Amino acid sequence: MHEPAVLRRHTTPEIDRRINDDLTSSMFKTPSRYWMLVGFLALVTAMGAGAAGYMFVNGLGVTGLNRPVMWAFFITNFVFWIGISHAGVMLSAILRLSQAEWRRPATRAAEVVTIFSLLLALTMPLMHMGRPWRFLWIFPWDFARSIWPNVRSPLVWDPAAIGTYLTSSILFVYVALIPDLAVARDRTKGIVKAGYSLLAMGWRGYPMQWRLQMIAGILLSALILPVFVSVHSIVSWDFAVTQSVEGFHSTIFAPYFVIGAVHSGVSAVVTALIIFRYIFHWERYILPKTIDNLGRLLLVVATAWFFFLALEILFGLYARENSELALRTLQIFRWPYSLLFLIFIIAAYGFPAPMWLFKGVRRSFFWMAITTISVNIGMWLERFLIIVPSLARKQALSFNWSTYHPSVIEILIIIGGFSFVAMLVLLFAKVFPLIPIYDIKEGEILKDEIIIGKKRIPAVMREE
Amino acid sequence: MTTQAHHAKWTMVVDSDRCTGCQACVVACQAENNVPINTADIYRQKRVMEWIRIERYWEGIEEAEATGDPSKVKARFLPVLCQHCENAPCEPVCPVFATYHNNEGLNIQVYNRCVGTRFCANNCPYNVRMFNFWEPVWPESLQNQLNPDVTVRSRGIMEKCTYCVQRIRRTELTAKKEGRLPADGEMQPACVQACPTDALVFGDIKDPESKVSRKAANERRYRLLEVQGTEPNLVYLKKVDPHYVEREHNE
Amino acid sequence: MSRVEPQIITKSNQEVTREILAITHTMGPGYKKAVVFFGLLLLLGIIGFIIRAVDAGFNDFRPWGYFMAGYAFLLTTASTAPLFSISQRMVHSHWRRPMARASEMFGVVGVLSTLMFIPMIALLPSSAGRRSIWFEWPGTPLYSDTLAVVFLAVLGIVLLYVAALPDLAVSRLHATGTRRKILDRIVIVNWKGTERQWAVHRASLRVLGALYFLFLVLVHTIIASDFAEALVPGWKDAIFPAFHVLSGFQSAVASTVVALFLLYKFGGYKDYIAVDQFWAASKLLLPLCLLWMYFWFSGFIVYWYGRQPVEQTILRTFMFEAYLVPFLLGVMLSFVVPFLIVMWNFVRKTILGPTIVATLILFGALFDRIRIYVASFSIADMRPDGLTSLEPEALSAVPRAVLPGAPDVMMILGTIGGAIFLYLLAIKLIPPVSIWEIKEGMLYRRRRKYLKTEIMVMGKPE
């Protein structure tokens with residue numbers, strides 16, 4: 001039996017053109033509901049910014065913070081968004097290195113979500129600080145006068161790690177964007193064209209250029225992975241090194257936070273992909289297969305995360321010290337934390353993970369959207385339930401125990417942050433293609449089939 | 001010999017057996033150190049600023065409920081202020097060195113360096129670090145009462161007990177000017193000075209003859225949350241309980 | 001840099017079956033010598049065990065530290081090794097096919113580790129009145145631990161059996177004499193290779209794999225907490241079981257690579273094992289080495305920074321004073337040296353390079369387990385209140401390191417020798433290179449002409 005040299009017909013100029021048209025449609029054809037959505041998000045963002053301004057003028061007294069709950073909503077939100085930002089690298093770098101074909105449509109959206117959520121996460125410490133206008137002091141800024149930051153403090157490790165991560169993520173996106181920028185350059189005129197030309201850096205698609213672009217992509221993927229792990233580990237050490245807070249001082253925090261971040265980040269990317277699919281009509285690119293694979297990945301990640309959560313609680317209770325027991329009682333059984341804890345466990349694991357066992361759910365856009373949104377509700381609560389009850393029940397001197405109620409200002413700032421990220425991602429889609437055009441085309445070229453008996457099995461070409 | 005004062009190790013002894021919970025120390029501290037006035041609203045917000053506070057615990061409630069005898073309930077007072085730990089957890093976590101340790105055993109807070117991350121407050125097991133949530137304001141009648149030797153802190157920064165470092169320095173300077181060493185008991189933080197029962201004693205623990213050294217050697221001595229390994233420069237003396245019964249450790 | 005050609009087996013199906021079975025059925029002349037040698041090692045271990053048992057009895061913890069370390073080493077390497085094939089089968093990787101069986105074959109070592117667990121039962125105190133993850137539930141940790149350990153061993157053997165069933169069936173057809181009799185007894189399913197049978201086979205492998213995975217993590221967790229952490233007063237370390245699991249993952253890949261190398265070099269399976277497997281496996285070893293360091297460091301930094309007295313003492317005991325030497329050996333052999341070697345692609349693309357790295361990692365795991373368990377056992381014994389009080393006086397002084405005596409060395413050697421002995425016995429019966437998986441792989445890999453060049457096409461079943 002002889003098989004033909006190539007079973008599938010590969011891309012033709014028509015297919016190429018169709019891909020170009022489809023994937024640049026978000027840039028050139030903007031439906032009116034897009035602007036309505038962006039406008040609405042801008043409004044909400046402005047409201048959040050207004051609340052933040054009010055807070056800067058009047059001081060942190062307008063929040064619900066107190067002694068000893070010195071960290072609460074802003075830090076919760078900071079950790080949450082840093083967590084979301086882990087999706088981009090998780091998907092792009094790991095899946096690129098492991099040559100998973102199904103990653104192709106998802107990568108750029110994931111990376112962009114990374115960048116904008118990192119930007120938002122960076123604003124949260126500023127909101128949180130007592131004197132944000134002096135934030136530069138945590139950098140080696142005043143060294144001319146021999147005034148250095150304290151390198152023993154995790155709050156100095158933080159900006160270093162996040163700064164590195166932001167820089168490398170932007171590079172990562174940019175390198176992958178260059179061939180697509182050339183497509184945009186060829187389809188625009190005037191000043192816009194000049195802008196794209198500048199950004200495309202003279203891309204002509206020569207073999208040498210492709211080769212360099214590919215090497216840069218793989219190198220960045222490999223180099224960004226340690227950065228990715230370090231960022232959330234360092235964020236976790238903001239808490240874990242705090243020996244005086246029993247709920248924070250746990251050795252498992254670093255991997256627990258990293259895996260939790262991947263859990264919530266990948267979920268956020270799935271949600272985002274499904275929303276984009278509806279807004280930009282990408283039915284042909286974001287396939288049930290894509291989210292099916294993401295769903296499987298999520299199932300594994302979620303279960304690993306659950307193992308770490310179990311270890312964290314188990315070894316918290318392990319010694320049965322009074323203050324730790326008081327903390328866990330507050331966290332799990334005392335109103336209103338009991339309700340939040342219940343929602344957290346159900347939303348982050350109890351509901352979505354069993355659902356993902358079913359292929360029907362993993363391949364349904366509706367159910368994947370529901371489950372992934374649920375994960376992120378749960379994961380936001382997780383950070384809240386780590387931070388606030390631990391501080392409210394700090395140490396055995398029960399005279400100081402307290403609780404926490406967020407103020408309207410804090411809630412407004414948090415909501416404003418969410419719409420800020422959504423707005424930036426939508427605006428990005430207006431300026432750059434949100435699905436990597438060249439990557440999709442490469443996938444089309446490599447796609448093949450083999451025949452086994454009567455079955456046709458999808459296959460890929462490998463050029464090892 | 002004049003440098004001896006610089007190598008002192010300032011320590012306080014709190015004798016909880018003598019504490020009546022009268023709060024005189026709290027008021028004295030408030031007046032001496034320009035600590036903002038705590039209104040009822042501030043209490044409701046749980047943002048009380050007290051460099052020294054009297055923690056009040058009730059003991060014997062279960063016993064009283066069981067026997068129906070309310071006299072079984074005992075109030076216990078624990079004055080808590082910055083413990084000036086030798087191994088202070090608040091110090092390494094500050095990103096800008098706004099808090100550090102000096103060679104006299106004092107934990108120093110540099111107000112104008114503080115950026116207000118509140119990490120130190122989290123990492124203080126004693127909850128003695130106060131954050132200025134609001135810009136401090138004093139009623140008109142108290143404007144002239146502010147102590148000129150102490151900075152008025154702005155909002156957005158941390159503050160805490162200094163062992164009245166301004167008084168320490170003033171005494172040292174006076175003594176130096178007069179060409180002598182500061183005598184034991186010559187420098188007293190405001191709280192110590194105000195304490196009517198002498199429950200608080202302050203001095204240099206390095207001087208074996210000082211009152212504080214003698215009191216700190218008492219067999220009733222303990223230090224707060226010792227398991228944290230913070231090595232506080234503040235020693236507590238246990239309450240002497242006439243009704244004390246030997247009970248099992250793990251009760 | 002030399003190009004590694006992807007491995008394509010050009011033989012026909014029948015040739016593959018016949019060849020692999022022929023090798024399995026005959027075995028080289030070295031085989032008998034190896035069996036005798038490792039059998040003697042096992043015997044040495046048993047003698048060491050008897051000496052220790054007569055000498056010290058089972059009332060006292062301290063003399064059994066090295067025995068426990070040997071057990072933990074088996075758990076870390078042999079019992080964890082099947083995870084390699086489980087996880088790689090889950091992600092449908094093609095390169096695992098020739099090495100999947102080599103990793104599952106470690107399931108038979110479960111017999112040895114279960115036997116070794118029996119004396120541990122006698123040593124383990126109940127959880128009543130002491131810190132433990134079981135919170136004084138009646139019967140714990142004795143029954144719970146025993147149940148988990150036995151179940152894991154059974155599961156490992158069942159997994160091996162199910163995975164090898166198609167091969168055993170075909171082997172039976174080609175076998176004669178005693179082997180035929182044994183296989184007749186073993187192959188209870190009338191395996192015909194119908195579509196339905198294959199579907200059931202695939203599904204049961206998936207379920208058994210997932211179960212094995214979960215139980216393995218559970219067993220690591222309870223062994224690490226009941227036999228190490230709970231014995232040291234004041235040691236409260238949530239990452240420690242996770243670190244135990246992670247170093248297990250690393251050792252799982254390492255032991256599979258070493259086994260594969262031996263099969264390649266001495267087993268006669270040169271046609272089926274290629275550099276592909278070593279290359280891909282070493283790509284797994286690289287992140288696993290980094291993760292080993294990461295998990296260790298995550299636990300370490302929190303204790304180091306926390307500076308509570310008990311944390312400092314525990315760091316000094318387990319790492320910086322008493323057990324400094326095994327700790328350093330563990331770090332060097334589990335992370336530093338393997339990482340420095342395996343980070344180079346030209347090393348990864350060889351057969352010898354990954355094997356050397358894997359061997360180092362196995363030694364590193366051994367030293368690491370010795371440090372953890374010997375220290376824990378000696379402390380448990382040193383502080384009598386450590387095992388009887390919920391709030392024991394925290395560890396305040398660094399204990400002296402316990403050095404191995406002759407029976408300890410004999411027991412460790414016997415543990416390793418016994419594991420290899422069982423493995424050797426098993427490969428006489430079950431083909432250590434999976435016939436059905438190789439054949440399946442042959443279906444999915446094709447070479448095609450594409451434009452002017454020839455290219456490999458890989459099937460990716462959904």
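Analysis parameters
- Residues numbered from 1 in each chain as written.
- Chains lettered and ligands numbered in written order.
- Predicted model: local features only at pLDDT ≥ 70, side-chain atom pairs only at ≥ 80, totals over all residues.
- Helix = DSSP H or I, 4+ residues; strand = E, 2+ residues; numbered from the N terminus.
- Buried ≥ 20, exposed ≤ 12 C-beta atoms within 10 Å, placed from the backbone.
- Contact = placed C-beta atoms within 7 Å.
- Pairing = 2+ DSSP bridges.
- Axes fitted to C-alpha atoms, helices over the stretch in contact; angles between N-to-C directions.
- Expected span 1.5 Å × (residues − 1).
- Arc of directions from axis to C-beta.
- Core = buried A, V, L, I, M, F, W, Y, C linked by C-beta atoms within 7 Å.
- Nonpolar A, V, L, I, M, F, W, Y, C, P; charged D, E, K, R; others polar.
- pLDDT = per-residue confidence, 0-100.
- Left-handed = near helix turned anticlockwise from the far one by under 90°.

Colleague: Please give an account of the overall build of chain C that cites residues and values.
Modeller: For chain C, the helix and strand inventory stands at 17 helices and two strands. Here chain C, with 462 residues, has 50% of them falling under the buried criterion. For chain C, the proportion of contacts with a sequence separation of at least 24, taken over those separated by at least 6, is 82%.

Colleague: Can you tell me about the sheet that holds strand S1 (residues 445-450) of chain C, naming the residues and giving the values?
Modeller: Backbone-to-backbone hydrogen bonds join strands into a sheet, with any given pair of strands oriented parallel or antiparallel. Taken in spatial order, the four strands make up an open sheet running S1(A)-S2(A)-S2(C)-S1(C), and their pairing is antiparallel. In the strand order of this sheet, the two ends are held by strand S1 (447-452) of chain A together with S1 of chain C, each with one partner. The mean inter-strand angle of the sheet, taken between neighbouring strand axes irrespective of direction, is 45 degrees. Relative to strand S2 (residues 455-462) of chain A, S1(A) runs antiparallel, the two being bridged by six bridges. Bridging across to S2(A), A:Ile452 finds its partner in A:Lys455. Across the sheet, helix H17 (residues 435-444) of chain C touches S1 of chain A together with S1 and strand S2 (453-459) of chain C, and the angle it forms with S1(C) is around 20 degrees.

Colleague: Can you break down helix H3 (residues 73-84) of chain A residue by residue, with the values?
Modeller: All names here are of chain A. For H3, with twelve residues, the first-to-last C-alpha span of 16 Å sits near the 16 Å given by 1.5 Å per residue. In terms of burial, H3 is largely enclosed, as twelve of its twelve residues are buried. What H3 keeps buried is the set Phe73, Phe74, Ile75, Thr76, Asn77, Phe78, Val79, Phe80, Trp81, Ile82, Gly83 and Ile84.

Colleague: So what's going on with helix H6 (residues 165-177) of chain B? Which residues, and what values?
Modeller: Residue and element names in this part refer to chain B. Compared with the 18 Å implied by 1.5 Å per residue over 13 residues, the 18 Å span of H6 between its first and last C-alpha is a close match. Every buried residue belonging to H6 is among Val165, Arg167 and Ile168, and all of these are buried. Taken down its axis, H6 places every buried residue within 160 degrees of arc, on the same side. Turned more than 90 degrees away from the buried face of H6, the exposed residues are Leu173 and Lys177. In this structure, the buried residues of H6 make contact with strand S1 (10-15). Note on H6: the residue one or two positions beyond its end, glycine 179, has a positive phi of about 65 degrees.

Colleague: Any chance you could break down the nonpolar core for me, citing the residues and the numbers?
Modeller: In terms of nonpolar packing, the biggest core is built from 335 residues, with A:Val113, A:Val266, A:Val269 and C:Tyr423 touching the most fellow members. The element contributing the most residues to this core is helix H9 (residues 253-280) of chain A, with 17 residues. The contacts of A:Val113, once residues within four sequence positions are left out, are A:Ile84, A:Ala87, A:Gly88, A:Ala268, A:Val269, A:Ala272 and A:Val425.

Colleague: So what's going on with the interface of chain B and chain A? Which residues, and what values?
Modeller: Contact residues are listed per partner, giving 35 residues for chain B and 34 residues for chain A. Sorting the residues of the side of chain B that touches chain A by element identifies strand S2 (52-59), helix H4 (90-93), helix H5 (119-122) and strand S6 (130-131) of chain B as the ones contributing at least two each.

Colleague: Requested: an account of the interface of chain C and chain A, with residues and values cited.
Modeller: Taken together, the 35 residues of chain C in the interface contact 35 residues of chain A. Looking at which element gives the most residues to the side of chain C that touches chain A, the answer is helix H11 (residues 275-306) of chain C, with nine residues. The residue inventory of the side of chain C that touches chain A, partitioned by class, reads 21 nonpolar, five polar and nine charged. Two strands pair when backbone bridges link them, and S2(A) and S2(C) are joined in this way by four bridges, in the antiparallel orientation. In the strand pairing of S2(C), A:Arg462 is matched with C:Met456.

Colleague: Can you lay out the sheet that holds S1(B) for me, pointing to particular residues and giving the numbers?
Modeller: All names here are of chain B. The sheet built from four strands is open, its strands ordered S8-S1-S10-S9 with mixed pairing. What marks the edges here is a single partner per strand, and that holds for strand S8 (200-204) and strand S9 (221-222). Sheet topology places S1 next to strand S10 (residues 234-237); four bridges connect them, and they run parallel. Among the inter-strand pairings, methionine 12 is bridged to a residue of S10, identified as leucine 234.

Colleague: Outline unusual backbone geometry, supporting the account with residue identities and numerical values.
Modeller: Phi is mostly negative for residues that are not glycine, and the peptide bonds are mostly trans. The omega torsion of the bond from A:Arg67 to A:Pro68 falls at 10 degrees, within 30 degrees of zero and hence cis. Positionally, A:Pro68 belongs in the loop between helix H2 (32-58) and H3. For the bond running from A:Trp335 to A:Pro336, omega is -5 degrees, close enough to zero to count as cis. Examined against the element boundaries, A:Pro336 turns out to sit in the loop between helix H11 (322-333) and helix H12 (337-350). The phi angle at A:Ser146 is positive, at roughly 60 degrees, despite the residue not being glycine. Along the chain, the position of A:Ser146 falls in the loop between helix H5 (107-128) and helix H6 (154-186). Judged by local crowding, A:Ser146 falls into the exposed class, with 6 C-beta atoms found within 10 Å. The residue B:Glu231 is not glycine, and still its phi comes out positive at about 55 degrees. Along the chain, B:Glu231 falls in the loop between S9 and S10.

Colleague: An account of the confidence of the model for chain B is needed here, citing residue identities and associated values.
Modeller: All names here are of chain B. The pLDDT averaged across chain B works out to 89; a share of 94% of its residues lies at or above 70. Put simply, helix H3 (residues 61-67) is where chain B has its lowest mean pLDDT, 87, and helix H7 (residues 190-194) is where it has its highest, 95. Residue range residues 1-5 is modelled with pLDDT below 50. Its contacts to residues more than four positions away, or to other chains, number six contacts.

Colleague: Any details on the pairing of S10(B)? Residues and values, ideally.
Modeller: Residue and element names in this part refer to chain B. The two faces of S10 match: Leu234 and Tyr236 on one face and Val235 and Leu237 on the other face are all buried. Pairing of S9 with S10, which is carried by two bridges, proceeds in the antiparallel orientation. If you follow arginine 221 over to S10, its bridge partner there is leucine 237.

Colleague: Just give me the short version of the packing of helix H4 (residues 82-90) of chain C against helix H5 (residues 97-104) of chain C, but keep the residues and values in it.
Modeller: Residue and element names in this part refer to chain C. For the pair H4 and H5, interaxial distance at closest approach is 6 Å and the crossing angle is 140 degrees. For the pair H4 and H5, the sense of crossing is left-handed. Seen from H4, the contacting residues are Pro82, Phe84, Ser85, Gln88 and Arg89; seen from H5, they are Ala100, Ser103 and Glu104. Along the lines of polarity and charge, the residues of the contact of H4 with H5 split into three nonpolar, three polar and two charged.

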